[in-house]
Amino acid sequence: TILEEYYIYVPNSFTPNDNRINDGFKASTINIESLIVTIYDRWGERIFKSEDVNFIWDGTYHGALMQDGTYTYKINYITRRGIEGKLVGHVNLLR
């Protein structure tokens, strides 16, 4: 039996400076049915959450620009074959 491959690529940095290049934090996925992404600041406060596979975080929280820094993300996902998994990592916000 050959199973479908699945893939999630998560960048480690983004630059939300409105130059239309790398302005949002988003994951590239292949054969991912659903996911939940949560982003936390350095104090552990949740600043972003989405259940959209095509999410984009623009570097804001309640409309305010976030400071340069490192933020933690957690992604829980389910593949099209029903495999569940979790990714945890960091993303750098650079202006």
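Everything below is about the structure printed above this text.
Okay, so let's go over this structure. (Residues numbered from 1 in each chain as written. Predicted model: local features only at pLDDT ≥ 70, side-chain atom pairs only at ≥ 80, totals over all residues. Heavy atoms only, no water.)

## Things to note about the layout of surface pockets
Then, in step 1: A volume near 160 Å³ is recorded for the largest pocket.
Then, in step 2: A per-class count over the lining of the largest pocket returns 3 nonpolar, 3 polar and 3 charged. (1 Å grid on protein atoms, 1.4 Å probe; cavity = no way out; pocket = protein on both sides within 12 Å on 5 of 7 lines; lining within 4 Å. Points joined across faces, edges and corners; volume = space filled by probe spheres on them. Nonpolar A, V, L, I, M, F, W, Y, C, P; charged D, E, K, R; others polar.)

## A word on the nonpolar core
Then, in step 1: The biggest cluster of nonpolar side chains holds 21 residues, and the ones touching the most others in it are Phe 25, Leu 35, Ile 39, Trp 57 and Tyr 71.
Then, in step 2: Secondary structure elements with two or more residues in this core: β4 (32-40), β5 (46-50), β8 (69-79) and β9 (84-93).
Then, in step 3: Contact partners of Leu 35, with chain neighbours within four places excluded, come to Thr 29, Ser 50, Glu 51, Asp 52, Val 53, Phe 55, Ile 75, Asn 76 and Tyr 77. (Core = buried A, V, L, I, M, F, W, Y, C linked by side-chain atoms within 4.5 Å. Buried < 20%, exposed > 50% of the residue type's maximum accessible area, 1.4 Å probe, protein only. Helix = DSSP H or I, 4+ residues; strand = E, 2+ residues; numbered from the N terminus. Contact = heavy atoms within 4.5 Å.)

## Here we look at the sheet that holds β4
Backbone-to-backbone hydrogen bonds pair the strands of a sheet. The strands run either parallel or antiparallel.
Then, in step 1: Spatially, β2-β9-β8-β4-β5 is the arrangement adopted by the 5 strands of the open sheet, whose pairing is mixed. Since the sheet does not close on itself, it has two edges, and those belong to β2 (13-14) and β5, each with one partner.
Then, in step 2: Both β8 and β9 contribute to a ladder of 10 bridges, which runs antiparallel. Looking at the pairing, Thr 70 lines up with Asn 92 of β9. (Pairing = 2+ DSSP bridges.)

Shape is all these values report; function is a separate question.
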